[in-house]
Structure formats: structure tokens, C-alpha cells
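One-letter residues, chain by chain:
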Amino acid sequence: MAQNKQKKKKGSSVQDLIGIKTFSKYGLKTNKGELLFYLVAPTNISVLSHTNIEIKVRHLMMVLSSLPDIEIACTDSSECFDDNKAYLHMRLDEEMNPKVKKLLKRDIEFLDQIQVEMATARQFLFIARCKAKKPEQVFQTANRVEKVISEQGFEVRRMKKDDIKRFLALYFDASFNGEQMPDIDGEQFFEVDEDNEET
């Protein structure tokens, strides 16, 4: 009975919940295959003519027809301050001291200003899923997907480990500096004494 409880506890980690196993040479290993991430530079369509927008859409359709299993994600490329602003507004309503109220209003204005500057800071990811493939097959797929996207006129690059960590940190609202996070939680605090290990 105690063993069953222990197994349940062990299997309910966040890593298990979201299905991530580990970083691989080319992307991220999950319970449903290996994911390859590609960062595609956004195009400012507000400066394009109607004809050029249609061409861009046609190029995207070509990518999707060549890679029917590709997944697309659009995320902020920087932290979102909505929770911070909501908290400051709540504090502003509760605060009685006029000097503190003034400071809270300045903080809200500052966050508004930052958010306006970052309003167009979006990142577009194309995600390819490789199921039951050997490393050399994954490598071939990684190159083929990047080639197909770039041939249609999109500025693309395959995301490396640090890029993926940063994306995950933003996606899960953890940190703006996701690439600095350790691969294993707490590993930066654990030092193995090699002399003691041998004895």
C-alpha cells in the first residue's frame, strides 16, 4: 500500500504533467516524441501592399502543405506585466496614504510604457514532432524542415537549447532569463566531492 502511494507521488511531478523528458541534441524529448523548434521572424504586414500580403499567405500555405504535421505557436517574446498591473491597481484602490498612491500610479504608468514598447514583441515558432526516429533521422528532419520554411522566404533558424529554455520560461511565466535556468532543478546547489565519492 505504501509503495503505491510512493509511486503516485513520484509520477506527479510537473515534468511528468507536461510530458517533458529531457533536452535532446536537436530539441526537446517528450512523452509523445521529440520536438524540434524553429523561430520564424515576424513580418510587419502593415507596411506591405495587399498583393504582397497575399504572396506571404501563399508562401505560408506552401509551407503548411509541404509540412502538414507542423505545429505553430505565437507567444510573447518578453514577460507580460498584466498580473503586476492588476496587483498595483488593487493596491491603489486599498491605499489611503496619498504619497503611496502617487508612487503606485507612477509604477502603473511605468509598466504601461514598457508594455507599449513591447506590444509588437511577438515570436512565432514552428514545431516539428519526430516520433520513433533514430538520431540521424531526426537530424535529416531538422534540416529538411528548416530548408522548406526558408525556401518560402521566411527568416528562420532552429532553436538551440538556451532558446528553448527561454521560450519555456516565458510560456510558463517563470522567468525572463530562462536560458540561465539549470537543466535539472537545484543542480547549481549540488556539488559532488569526488574524493568522498571514491571512498
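The present account deals with the structure reproduced in this document. (Residues numbered from 1 in each chain as written. Predicted model: local features only at pLDDT ≥ 70, side-chain atom pairs only at ≥ 80, totals over all residues. Heavy atoms only, no water.)

1. Some details on the overall build of the protein chain
Stage number 1. Of the regular secondary structure elements, the protein chain holds eight helices and six strands.
Stage number 2. Its helices and strands taken in sequence order, the protein chain reads α-α-β-β-β-α-β-α-α-β-α-β-α-α from the N to the C terminus.
Stage number 3. Counting the 199 residues in the protein chain, one finds 28% classified as buried.
Stage number 4. For the protein chain, the proportion of contacts with a sequence separation of at least 24, taken over those separated by at least 6, is 67%.
Stage number 5. Accessible surface, the protein chain: about 14800 Å² in total, of which carbon and sulfur atoms supply 53%. (Helix = DSSP H or I, 4+ residues; strand = E, 2+ residues; numbered from the N terminus. Buried < 20%, exposed > 50% of the residue type's maximum accessible area, 1.4 Å probe, protein only. Contact = heavy atoms within 4.5 Å. Areas by Shrake-Rupley, 256 points an atom, 1.4 Å probe, with all protein chains shown as cover.)

2. Some points on the packing of aromatic side chains
Stage number 1. Overall, the coordinates contain two aromatic pairs when judged by the stated rule.
Stage number 2. When the ring of Y26 is compared with that of F139, the centres are 5.8 Å apart and the planes differ by 45°; the resulting orientation is tilted. Taken together, the residues Y26 in the loop between β1 (20–23) and β2 (28–30) and F139 in helix α6 (residues 135–151) connect sequence positions 113 residues apart.
Stage number 3. Centroid distance F37 to F167: 5.8 Å. Interplanar angle 50°. Geometry classified as tilted. (Phe/Tyr/Trp six-rings, centres within 6.5 Å; stacked < 30°, edge-to-face > 60°.)

3. A look at the side chain of Q152
Stage number 1. Inspection of the secondary structure puts Q152 in the loop between α6 and β6 (156–158).
Stage number 2. Other than its neighbours up to four places away in sequence, Q152 contacts H59, M62 and V63.

4. Points about unusual backbone geometry
Stage number 1. A positive phi angle, close to 50°, is found at A132, a residue other than glycine.
Stage number 2. Within the secondary structure layout, A132 lies in the loop between β5 (122–130) and α6.
Stage number 3. Looking at A132, the relative accessible area reads 84%, which means it is exposed.

5. Remarks on the nonpolar core
Stage number 1. L36, Y38, L67, F126, V145 and I149 are the most contacted members of the largest nonpolar core, which has 17 residues in total.
Stage number 2. At the level of secondary structure, the elements contributing two or more residues to this core comprise β3 (33–40), β5 and α6.
Stage number 3. Top element by residues in this core is α6. It accounts for five residues.
Stage number 4. Leaving out residues up to four positions away in the same chain, L67 has contacts with R144, V145, V148 and I149.
Stage number 5. The next biggest cluster of nonpolar side chains, apart from the first, holds twelve residues, and it includes I20, L28, I164 and F167. (Core = buried A, V, L, I, M, F, W, Y, C linked by side-chain atoms within 4.5 Å.)

6. Quick notes on the pattern of salt bridges
Stage number 1. Evaluated as defined, the whole model comprises four salt bridges.
Stage number 2. The salt bridge partner of E71 is R129, with a shortest N-O separation of 3.2 Å. Highlighted residues: E71 in strand β4 (residues 71–76) and R129 in strand β5, separated in sequence by 58 residues.
Stage number 3. We classify R129 as partly exposed; its relative accessible area is 33%. (Salt bridge = Lys/Arg side-chain N within 4 Å of Asp/Glu carboxyl O.)

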